[in-house]
Amino acid sequence: MEADGEIGCVTVFGGSGFLGRAIVKQLVAEGFTVRVAARHVVKDSTREDLDRTQSILPVYADVRDETSVALAIDGCDAVVNSVGLYVEGGSETFEAIHELGALNLAHQCALQNIGRLVHISGIGADVNSESSYVRVRAKGELLVRDVFSDATILRPSVLFGTEDGFLNTLAKVARSSPVLPLFGRGGTRLQPVYVGDVAKAAVNALTAPGAPGKVYELGGPQVYSYKALIDLVLTHAKQRRLLLPVPFLIWDFLAMLSSILPRPPLTRAQVTLMKQDNVVSGTSLTLKDLGVDPTSLKDVLRRYPFSRS
């Protein structure tokens, strides 16, 4: 889809993150002017990768501070919220980012008559979930829709891409350990989605006539068990490792012990997430409804740093 004249400038919150960078690249490729809103100045290397046409402007914004949000979107036509917090620490809590932050952003979009708002959440968002992360994602959606009813909600599954923190972490652990522990027996089902496809969906949602007010679940073309994903990574890395089933009761205990550390390597929220499948429901709108054909994980894996020909 091309910029249609009604939307010229788009502010991307979380634009320096893994997904945010992909969204910014896609916007620039399609001719939009982009503000990259983040709490930290965009690194020079990131700007060089993203901007060779002077169409990107880094701006400071903290979604917890509504004044900074207002300044970041002033004069823009559309907004994408790709801010994500996966591990809590200090004042950075799930509630502060995914509830209050999402509300602040949507409220300012409404006050400034922003034409389009794309809010990125996650598959399985449910206010009754056992996972605190999943609950606040769902509450964030409700708060956004309460003040900006035409917001488009995107719920991606776990993201993959050559610089992701998921498969690359699995490969890193495999290099340093002869044994890889599984969550339970490794049967949790995941539907990894290519970061570039989610970025394309987010950009298309800004101009698609039927997107306002809709919810889309974004998953890749294949569903894998957690164990199958590890096997796939090991195959591409040409490594053999013992896969050890570990009961969730033990994972819960390890997460409790880790919680006393400043930067815990494992959290209760992460363990709880791995207890439930993360796949498209089958009854919702998907990538294809936004004009995106999902990319296969196997087509991208060969380009990962750990893959060996």
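Keep in mind that this is a model prediction, so the values were computed, not measured. Throughout this description, residue numbers start from 1 for each chain and increase along the sequence as written. In view of the model being predicted, local features appear only for residues whose pLDDT reaches at least 70, and side-chain atom pairs are presented and counted only at 80 or more, with totals across whole chains, interfaces and linings using the full set of residues. Values shown for side chains rest on all heavy atoms present in the structure; no hydrogens or waters enter the calculation.

**Q** Help me get a handle on the packing of aromatic side chains, residues and values and all.
**A** Note on ring pairs: Phe, Tyr and Trp rings are taken, using the six-membered ring of Trp, and paired if centres are within 6.5 Å. Classes follow the plane angle, with under 30 degrees stacked, over 60 edge-to-face and the rest tilted. As enumerated under the stated definition, the model contains 6 aromatic pairs in all. Geometrically, the ring pair formed by phenylalanine 183 and tryptophan 251 is stacked, given 4.3 Å between the ring centres and 25 degrees between the ring planes. With phenylalanine 183 in strand E8 (residues 179-183) and tryptophan 251 in helix H9 (residues 248-258), the pair connects residues that are 68 residues apart, well separated along the chain. Tryptophan 251 carries the same exposure label as phenylalanine 183, and that label is buried. Every member of this aromatic cluster is reached through a ring pair, and the members are Phe183, Tyr226, Phe248 and Trp251. Every helix listed is a DSSP run of H or I at least four residues long, and every strand listed is a run of E at least two residues long, numbered separately from the N terminus. Partly exposed residues are those whose accessible area sits between 20% and 50% of the maximum for their type, while under 20% is buried and over 50% is exposed, using a 1.4 Å probe and protein chains only.

**Q** Give me the state of the cysteines: which residues, what numbers.
**A** Cysteine sulfurs are considered disulfide-paired once they come within 2.5 Å of each other. Scanning the entire structure with this criterion turns up 1 disulfide. Disulfide partner of cysteine 9: cysteine 76, at an S-S distance of 2.4 Å. Here cysteine 9 is found in strand E1 (residues 9-13), whereas its partner cysteine 76 is found in the loop between helix H3 (66-73) and strand E4 (78-81), with 67 residues between them in sequence. In this pair, the class of cysteine 9 matches that of cysteine 76, namely buried. Just so you know, cysteine 109 is unpaired, no disulfide at all, and the nearest cysteine sulfur is the one on cysteine 76, 9.8 Å from it. With a relative accessible area of 0%, cysteine 109 lands in the buried category.

These figures capture arrangement, not role.
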